[in-house]
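Commentary on secondary and tertiary structure
Here is how the chains run, residue by residue.
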Amino acid sequence: MSSRFVSALRKVVRALQSEGFTPVIVGTYALILQGWLPEDYIVETKDIDIYIPSPDVLVAIATTGSRLLEELEREGFIVSLHATGGVEVVALGVDKPIEILYPIADIYIPRVLLEEVVVIEGLRVLEAHAVLVAKMLGEEYSLMRVASILKERRAPVDVYRLIYLAERAERELRDMGDDVLASKLSRRAERVVGYLRLG
């Protein structure tokens, strides 16, 4: 794995942990770290995602005199806030920005998925099946593109585990009263599982 990315991630993670946050590497890069996608697939991604299950991270960065912001800048990062609410962290010499995501608008990773974490190179990484279920809540094109590559590469996708995690996440969303997102997850889970099962 590219030492530039891992080194930059470790610094951002360390800064977030020093402020009491529990960051998890999610998204496509989590699949790359676990060997489900080839390392060169990084060129297809716009950024590397770190998820914090609390919107308090925005306050910790955006507040005047923020220790977190000062620490990131001291480490050589350039930090900016997106109009959509996301936080982008750019390191010199690293091709991809790191985006700090948290529950806002359409970005939400169910807590039952966040329980599925593996440690790789000292980083907490969302387990690959949980990444796929989380992707079912995002852009459909990106989800199906990843599913296509995983099928082509014969990645070790256990469709029963995928179904189990999708059902747990759907139940959590329904319990929260978000039937729209739960239904979206259910439909996409059926589509992805059906696609992966086809010979």
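Above this text sits the structure in question.
Below is a summary of the structure that appears in this document. Note that this is a predicted model, so its numbers are computed, not measured.

**Quick look at the overall build of the protein**
Looking only at helices and strands, the protein has nine helices and seven strands in total. What you see for the protein is a C-alpha radius of gyration of 17 Å, in line with the 16 Å of a compact globule of 199 residues. Principal-axis analysis of the C-alpha atoms places the extent of the protein at approximately 55 × 40 × 25 Å. Sorting the 199 residues of the protein into buried and exposed places 51% on the buried side. Sequence-distant contacts, at least 24 apart, represent 69% of the contacts inside the protein between residues at least 6 apart. Of the roughly 9800 Å² of accessible surface on the protein, 50% is carried by carbon and sulfur atoms. One finds the centroid of the 24 positive side-chain charges in the protein at a distance of 4 Å from the centroid of its 30 negative side-chain charges.

**Concerning the layout of surface pockets**
The volume enclosed by the largest pocket comes to roughly 1000 Å³. Surrounding the largest pocket, 32 residues form its lining, Lys46, Asp49, Lys135, Gly138 and Glu139 being those nearest its centre. If you list the elements that add at least two residues to the lining of the largest pocket, you get helix H2 (27–33), strand S2 (48–51), strand S5 (98–101), helix H6 (128–135) and helix H7 (140–153). Considering each element in turn, the lining of the largest pocket owes the most residues, five residues, to H7. For the lining of the largest pocket, a count of residues per class yields 16 nonpolar, seven polar and nine charged.

**What to know about the side chain of Arg168**
Looking at the element boundaries, Arg168 is found in helix H8 (residues 159–175). Each residue touching Arg168, except ones within four places of it in the same chain, is listed here: Val112, Glu115 and Glu116.

**Quick notes on the pattern of salt bridges**
The final tally for this structure, using the stated rule, is eleven salt bridges. For Lys46, the salt bridge identified is with Asp47, shortest N-O distance 3.9 Å. For Asp47, a relative accessible area of 9% corresponds to the buried category. Arg174 is paired through a salt bridge with Asp179; the nearest N and O atoms lie 3.4 Å apart. Under the relative-accessibility criterion, Arg174 is labelled partly exposed at 33%. Linked through salt bridges whose partners overlap, the residues forming this network are Glu115, Glu116, Glu127, Arg161 and Arg168.

**Examining unusual backbone geometry**
A positive phi angle, close to 50 degrees, is found at Glu121, a residue other than glycine. On the secondary structure map, Glu121 appears in the loop between strand S6 (117–120) and strand S7 (123–126). Of note in this structure, Arg154 is not a glycine but carries a positive phi near 55 degrees. Residue position: Arg154 is located in the loop between H7 and H8.

How each quantity is defined
- Residues numbered from 1 in each chain as written.
- Predicted model: local features only at pLDDT ≥ 70, side-chain atom pairs only at ≥ 80, totals over all residues.
- Heavy atoms only, no water.
- Helix = DSSP H or I, 4+ residues; strand = E, 2+ residues; numbered from the N terminus.
- Rg over C-alpha atoms; globule rule 2.2 N^0.38 Å.
- Buried < 20%, exposed > 50% of the residue type's maximum accessible area, 1.4 Å probe, protein only.
- Contact = heavy atoms within 4.5 Å.
- Areas by Shrake-Rupley, 256 points an atom, 1.4 Å probe, with all protein chains shown as cover.
- Lys, Arg positive; Asp, Glu negative; His and termini not counted.
- Charge placed at Lys NZ, Arg CZ, Asp CG, Glu CD.
- 1 Å grid on protein atoms, 1.4 Å probe; cavity = no way out; pocket = protein on both sides within 12 Å on 5 of 7 lines; lining within 4 Å.
- Points joined across faces, edges and corners; volume = space filled by probe spheres on them.
- Nonpolar A, V, L, I, M, F, W, Y, C, P; charged D, E, K, R; others polar.
- Salt bridge = Lys/Arg side-chain N within 4 Å of Asp/Glu carboxyl O.

Nothing here speaks to function; it is all geometry.
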